[in-house]
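Structural characterization, general
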2 protein chains.
Amino acid sequence: MSLSNPLIIDVHGHYTTAPKALENWRNQQIAGIEDPSRTPQVADLKISDDELRESIELNQLAKMKERGSDITIFSPRASFMAHHIGDFQVSSTWAALCNELCFRVSQLFPDHFIGAAMLPQSPGVDPKTCIPELEKCIREYGFVGINLNPDPSGGHWTSPPLTDRHWYPIYEKMVEYDIPAMVHVSTSCNSCFHTTGAHYLNADTTAFMQCIQGDLFKDFPTLKFLIPHGGGAVPYHWGRFRGLAQEMKKPLLQDHLLNNIFFDTCVYHQPGIDLLTKVIPVDNILFASEMIGAVRGIDPETGHYYDDTKRYVLATPHLNEAQRYQVFEGNARRVFSRLDARLKAQGK
Amino acid sequence: MSLSNPLIIDVHGHYTTAPKALENWRNQQIAGIEDPSRTPQVADLKISDDELRESIELNQLAKMKERGSDITIFSPRASFMAHHIGDFQVSSTWAALCNELCFRVSQLFPDHFIGAAMLPQSPGVDPKTCIPELEKCIREYGFVGINLNPDPSGGHWTSPPLTDRHWYPIYEKMVEYDIPAMVHVSTSCNSCFHTTGAHYLNADTTAFMQCIQGDLFKDFPTLKFLIPHGGGAVPYHWGRFRGLAQEMKKPLLQDHLLNNIFFDTCVYHQPGIDLLTKVIPVDNILFASEMIGAVRGIDPETGHYYDDTKRYVLATPHLNEAQRYQVFEGNARRVFSRLDARLKAQGK
């Protein structure tokens, strides 16, 4: 595509509209934790291609066409990952099912969806146990990224910070395959934190601050994190973060983190996107909407969907045409190099 | 004062520069938790008026004069509250000492400092145990507000949400005395959360979202919360919060929360203050700097202190003269009615 007519790549979509059978299966699986006789077989989940097609065509794909977006990087529903439920085996079976559904969607709509993997994380379990699922998703399913949950406990934050060697097995694989991780928590089981209104945003802020404190990217110069939801509180408090890094005698954030950390545009009003695009260098901003996600309504102040973030990116005064191309297409192709390879193979 | 020449009231200052003797005493107190023979007496802490005067004149007051701010609402150092340390008795003794020092500062500099109380919170302890200290601070010390820690565990979030009846004894007293609470956590003892770079901002976002979920202000129509640090992630994600409230069938945020919740201006760069003043109604914004606080350096991009927030408020294009008066003086007098009474008694 060209600068003036970029591919619109949405780097943050979840399969929030999967057929009800998936949720029913999960409920059975959860019941089986207490009463193993109720544990379902993987083969008990039967969802036809037609059902998958309908769940996408009437929802995400319809809205993508309405809004004019071309491709979505598509991962299992974030709030349903619920890594705190059960043990590694429970997470492992669940992640495999969810990833397979996203793979099937990507096969049914190869021009519009490409997968990113949920990992079978489990609190207190070594992250290296996630590697077989990760490898399957990259090698066999052609996925182009992963979602990494910095808090598999679901709001109790019992894992070490992302800069801890605890996580290095995942990072080694990410570097090997040149895939980024979106740092994305799941549902909160701490009643203090509303899942999408507090826990998600807090996790984004927390992850960024952990990276300021550490020196992770000295160990992994090519590691890439995508911080969703516009980076939580980070761009709004960019002066605070610059100042804190300065007191810690860290390099400028530009050098310390911005070769490795990127923000998406899941910020659901114009002033937020205006701030993001003013404060954060354009190379670090990737278009995304998280459609269909946490905020599904129409903003009475604009008459448009809150999560129709393309409008805000088009309207911000802080991007020229070349910079909009970066946000919509160029940066996604750079950060998700496997997506770029796939697009090139498709002649795009 | 007049619209064009408002009093500059900074509603968020902590005594971060108290003489070293205070920290030494606290360290002894903490040592005494393990070994009671080391527990110091209250009378062991000796700080003269001259020492207090110097700690203020060379620091906060010097900067207030430099920057042209008149009055600071002054409370004990937030990160030192550390309510998670020891039991109620430990917190109670410590809070009393810290509040008394702020009171003495307010007596030494009655034109420039007025107190807000730290509470002797302790994880798992009924908040009503805080009431004697609260009452002493309001009645005897003439304090005009309190700091309420929504997470006395220090980053483990083991208390109920702020909308829970657990907190109602405090709210009843706040209403009785017509004092606001600044919702302010203390140091994080969870290694995931950097204290000032993650825990503070997360708590701000969390508190706001708890209030969206609940209906606290139906029970307490005159209760007032001040959310510090510019409201955490809230103004940047104002569309998200409006949309979440809408999905929960809550009233518009204007009606649901903005008669009771206020934000300060502790946002340390111009684009952040521009966003805050664009998105949040002017009646809900109170000037503050948290000077001397988390971010003490000079911003190399401007040559000015990061926390010199008066500059940003003066420079934002979204406030006219009458609105700047509101932010600097009018709103503080309305929200802190006891401050207003004091100022009137001083002929201001």
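Residues numbered from 1 in each chain as written. Chains lettered and ligands numbered in written order. Predicted model: local features only at pLDDT ≥ 70, side-chain atom pairs only at ≥ 80, totals over all residues. Heavy atoms only, no water.

1. As for the relation of the copies chain B and chain A
Structural alignment of chain B on chain A gives an RMSD of 0.0 Å, achieved by rotating through 180° and translating 0.0 Å along the axis. Such a combination of rotation and displacement between the chain copies is what one expects of a two-fold axis. The rotation axis passes nearest to the C-alpha of Ala-233 of chain B in chain B, at a distance of 2.1 Å. Mapped onto chain A, 100% of the interface residues of chain B are again interface residues, and the two copies thus contact each other with one and the same surface. (Least-squares fit on C-alpha atoms with pLDDT ≥ 70 in both. Contact = heavy atoms within 4.5 Å.)

2. Quick word on the packing of helix H14 (residues 321–335) of chain B against helix H15 (residues 337–345) of chain B
Helix packing for two helices is described by the angle between their axes and how far apart those axes are. All names here are of chain B. Close contact between H14 and H15 brings their axes to 5 Å; oriented N to C, the two are set at 110°. On the basis of their axis angle, the class for H14 and H15 is roughly perpendicular. Residues Ala-332, Arg-333, Arg-334 and Val-335 of H14 lie in contact with H15, whose contacting residues are Ser-337, Leu-339, Asp-340, Leu-343 and Lys-344. Residue classes in the contact of H14 with H15 are distributed as four nonpolar, one polar and four charged. (Axes fitted to C-alpha atoms, helices over the stretch in contact; angles between N-to-C directions. Helix = DSSP H or I, 4+ residues; strand = E, 2+ residues; numbered from the N terminus. Parallel < 35°, antiparallel > 145°, perpendicular 65-115°, else oblique. Nonpolar A, V, L, I, M, F, W, Y, C, P; charged D, E, K, R; others polar.)

3. Overview of the interface of chain B and chain A
Taken together, the 57 residues of chain B in the interface contact 57 residues of chain A. Interface area for chain B against chain A, summed over the two sides, is near 4,700 Å², with a carbon-plus-sulfur share of 57%. When the buried surface of chain B facing chain A is broken down by residue, Cys-192, Tyr-236 and Arg-240 of chain B rank first, second and third, together holding 18% of it. Where chain B packs against chain A, one counts four salt bridges. The residue Arg-242 of chain A makes a salt bridge to Asp-299 of chain B at a minimum N-O spacing of 2.8 Å. Applying the counting criterion to the chain B and chain A interface returns 24 residue pairs in polar contact (both at pLDDT 80 or more). Counting only elements with at least two residues in the side of chain B that touches chain A, the list comes to helix H8 (195–213), helix H10 (238–247) and helix H12 (270–279) of chain B. Looking at the side of chain B that touches chain A, the element that brings in the most residues is H8 of chain B, giving eleven residues. (Buried area = accessible area lost by both parts, 1.4 Å probe. Salt bridge = Lys/Arg side-chain N within 4 Å of Asp/Glu carboxyl O. Polar contact = N/O pair within 3.5 Å; in protein donor to acceptor, adjacent residues only side chain to side chain.)

4. Examining the pairing of strand E8 (residues 261–264) of chain B
Residues and elements named next belong to chain B. Here E8 shows no split at all, with Ile-261 and Phe-263 on one side and Phe-262 and Asp-264 on the other all buried. Bridging between strand E7 (residues 225–227) and E8 involves three bridges; their strand directions are parallel. Across the sheet, residue Ile-227 finds its bridge partner in E8, namely Phe-263. With two bridges joining them, E8 and strand E9 (residues 285–286) adopt parallel strand pairing. For Asp-264, the partnering residue across the bridge sits in E9 and is Leu-286. Taken together, E8, H12 and E9 constitute a β-α-β crossover, and its handedness is right-handed. (Buried < 20%, exposed > 50% of the residue type's maximum accessible area, 1.4 Å probe, protein only. Pairing = 2+ DSSP bridges. Right-handed = clockwise from strand over helix to strand, strands pointing away.)

All quantities given are derived from atomic positions and should not be read as evidence of function.
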